[in-house]
Amino acid sequence: MNKLLFVIALSLSCSLCFGQESKPDKYANRRFFVLLMSPGENFEHDKPMSQQKLEDHRAYYQKLLERNLVVIGGGFTQENGGLSILKARDKTQVDSLVRNDPAVLSGVFKIEVKPIFAVFKGESKEVLDLHGIVFKKQ
């Protein structure tokens with residue numbers, strides 16, 4: 001009986017190691033992550049969002065936008081904080097992006113990451129330009 005189990009285990013492991021091609025991930029184009037940004041320990045509560053030290057944060061998101069990682073993002077209108085939606089290969093990539101966000105590094109924001117499965121998504125021809133905070137058509 002032990003020999004039979006050994007042979008079965010060996011054949012399974014060999015089939016996993018050799019000749020088994022990995023299947024393409026049919027959900028790879030649906031990986032989106034919501035980033036909920038809230039005031040961090042160094043957020044200046046006596047100042048509105050427009051006066052927070054977020055220049056480096058905006059420049060960082062401009063680079064992510066140019067790499068097609070940002071779907072949309074911005075500050076809340078009724079409270080401090082904001083939201084971004086990123087498209088990434090996995091949560092590990094998003095966690096790395098969040099850790100390197102200048103607003104997180106400086107303590108202005110703390111960010112909670114929530115993965116979502118996109119069931120529907122609209123197409124937009126608008127491109128965001130965070131340098132001038134303007135919208136322009138392609």
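Caption draft 1: Structural context of the confidence of the model for the protein chain. Across the protein chain, the average pLDDT comes to 79, with 67% of residues at 70 or higher. For the protein chain, per-element mean pLDDT is lowest for strand 6 (residues 134–137), which scores 42, and highest for helix 4 (residues 102–105), which scores 97. Considering only residues more than four positions removed or in separate chains, one finds that residues 4–10, a stretch of pLDDT under 50, has 0 contacts.

Caption draft 2: View of the pattern of salt bridges. This structure, assessed with the given rule, holds 4 salt bridges. Of the charged contacts, one joins Lys114 and Glu112 as a salt bridge, the two residues approaching to 3.2 Å between their closest N and O atoms. On the accessibility criterion, Glu112 (42% relative accessible area) is partly exposed. Ionic contacts of the salt-bridge type, sharing partners, join the residues Glu44, Lys47 and Lys53 into one network.

Caption draft 3: Spotlight on the nonpolar core. Core analysis: the largest hydrophobic core is formed by 22 residues, its most contacted members being Leu35, Tyr61 and Val94. Secondary structure elements with two or more residues in this core: strand 1 (31–39), helix 2 (55–66), helix 3 (91–99) and strand 4 (109–117). It is helix 2 that provides the largest number of residues to this core, a total of 4 residues.

Caption draft 4: Structural view of unusual backbone geometry. Here the phi dihedral of Asn68 falls at roughly 60°; this positive angle occurs in a residue that is not glycine. Counting through the fold element by element, Asn68 comes out in the loop between helix 2 and strand 2 (70–75).

Caption draft 5: Spotlight on helix 2. Along its 12 residues, helix 2 runs 17 Å from first to last C-alpha, staying within 8% of the 16 Å computed at 1.5 Å per residue. Listing the buried residues of helix 2 in full gives His57, Tyr60, Tyr61, Gln62, Leu64 and Leu65. Just beyond helix 2, the residue with positive phi is Asn68, at close to 60°.

About the criteria used
- Residues numbered from 1 in each chain as written.
- Predicted model: local features only at pLDDT ≥ 70, side-chain atom pairs only at ≥ 80, totals over all residues.
- Heavy atoms only, no water.
- pLDDT = per-residue confidence, 0-100.
- Helix = DSSP H or I, 4+ residues; strand = E, 2+ residues; numbered from the N terminus.
- Contact = heavy atoms within 4.5 Å.
- Salt bridge = Lys/Arg side-chain N within 4 Å of Asp/Glu carboxyl O.
- Buried < 20%, exposed > 50% of the residue type's maximum accessible area, 1.4 Å probe, protein only.
- Core = buried A, V, L, I, M, F, W, Y, C linked by side-chain atoms within 4.5 Å.
- Expected span 1.5 Å × (residues − 1).

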